[in-house]
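# Structural description and commentary
Read off the chains here:
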Amino acid sequence: MLKFLLKGLCVGLASVLLYNFVILPVTVPELVLDDRWTEEDLSWRSEDIFWFIQVTDIHISKYVWPDIQESLEEFMSTTLDTIGPGLMLVSGDLTDGKDKGGVDSFQIKQEWQTYSHILAKHNVLNKTVYLDIRGNHDTFDVHHINHTNNLHREYSIKGVEYPSTYVYDYEF
């Protein structure tokens, strides 16, 4: 049994040495500093770093996942304050838009009001640039941009200004 363990150890050690000292040096190109770049080009200051947060599929729901609201409140207060991002992107499905059984799909005003209330309560617009984009759940039973069921337009941050697709130009 001891011979078997020693052979295994030797084979393992030989494999590691072979990989690190033969295979890697042959397959990984040597990194060379390009003469076109100066030391100043390669240095950075802490203010040069741009922090952003991307969140998706919040699914605030009247019927399912009641803890989502509490988690979102915690995120908007603690996490957002800790990271202090320059921009936060929420990429769709802000609300769930499903009935109690999860079968029928439509806009539920209470979900949108909850979403809007959480953003206002935690003063999100004074903390970061906040971009919220509608997802498929946010368009259930919305037949056109001006439709009365288009609650994204009324309760989201960017829906009032941009009722459809938009491009946002962030200035550094």
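Being a predicted model, the structure only gives us computed values, none of them experimental. The residue count restarts for each chain, going from 1 along the sequence in the order it is written. Only residues with pLDDT of at least 70 are given local features in this predicted model, and only at 80 or more are side-chain atom pairs given and counted; all residues enter the totals for whole chains, interfaces and linings. No hydrogens and no water enter the side-chain calculation; it runs on all heavy atoms of the structure.

### Focus: the overall build of the protein
- Per the convention used, a helix needs a DSSP run of H or I reaching at least four residues, while a strand needs a run of E reaching at least two, with both numbered from the N terminus. Across its full length, the protein carries five helices and three strands.
- Shown N-terminal to C-terminal, the secondary structure of the protein runs as helices and strands in the order α-α-β-α-β-α-β-α.
- Along the three orthogonal principal directions, the C-alpha set of the protein runs to about 75 × 55 × 30 Å.
- The buried share among the 172 residues of the protein stands at 27%.
- Contact definition: two residues touch when any of their heavy atoms are within 4.5 Å. Counting contacts in the protein only where the partners sit at least 6 residues apart, residues at least 24 apart contribute 73% of the total.
- For the protein, the accessible surface area stands at approximately 12100 Å², while carbon and sulfur atoms represent 59% of it. For the exposure calls, accessible area comes from a 1.4 Å probe over protein chains only, and a residue counts as buried if that area is under 20% of its type's maximum, exposed if over 50%, partly exposed in between. Note on areas: Shrake-Rupley with a 1.4 Å probe; residue coverage comes only from the protein chains shown.

### Considering the packing of aromatic side chains
- Only the six-membered ring of Trp is used, alongside the rings of Phe and Tyr, when aromatic pairs are assigned; centres must lie within 6.5 Å, and planes under 30 degrees apart are stacked while those over 60 apart are edge-to-face, with the rest tilted. Under the criterion given, the structure shown has four aromatic pairs.
- Judged by centre distance (6.1 Å) and plane angle (20 degrees), the ring pair of phenylalanine 50 and phenylalanine 52 falls under stacked.
- Relative to tyrosine 115, the ring of tryptophan 112 lies with its centre 6.1 Å away and its plane at 90 degrees, an arrangement referred to as edge-to-face. Of this pair, tryptophan 112 and tyrosine 115 both sit in helix H4 (residues 109–121), three residues apart, which is roughly one turn of that helix. Just as tryptophan 112 is buried, tyrosine 115 falls in that class too.
- Grouped by ring-pair contacts, the aromatic residues Phe50, Phe52 and Tyr170 constitute a single cluster.

### A word on the environment of valine 160
- Tracing the backbone through its elements, the reader meets valine 160 in the segment after helix H5 (151–155).
- Under the relative-accessibility criterion, valine 160 is labelled exposed at 59%.
- Excluding residues that lie within four positions of it along the chain, valine 160 makes contacts with Arg153 and Glu154.

### Here we look at H4
- For H4, with 13 residues, the first-to-last C-alpha span of 18 Å sits near the 18 Å given by 1.5 Å per residue.
- Every buried residue belonging to H4 is among Glu111, Trp112, Thr114, Tyr115, Ile118 and Leu119, and all of these are buried. In an axial view of H4, the angular spread of the buried residues amounts to 160 degrees, which keeps them on one side of the axis. For H4, the exposed residues lying more than 90 degrees away from the buried face are Ala120 and Lys121.
- Where H4 is buried, its residues meet helix H3 (67–83), strand S3 (129–133) and H5.
- A positive phi of about 55 degrees marks asparagine 123, the residue just after H4. Each residue after the first adds 1.5 Å to the expected span of a helix. The arc in question is the one traced by the directions running from the helix axis out to the C-beta atoms.

### Remarks on helix H1 (residues 2–27)
- Look at H1: 36 Å from first C-alpha to last across 26 residues, which is about the 38 Å you get at 1.5 Å a residue.
- Of all the bends in H1, the greatest, near 35 degrees, is centred on tyrosine 19.
- In terms of residue burial, H1 counts as a barely covered element, since only zero of its 26 residues are buried. The bend at a residue is defined as the angle formed between two axes, one fitted to the seven residues ending at that residue and one fitted to the seven starting there.

Keep in mind that these numbers describe shape and distance, not what the molecule does.
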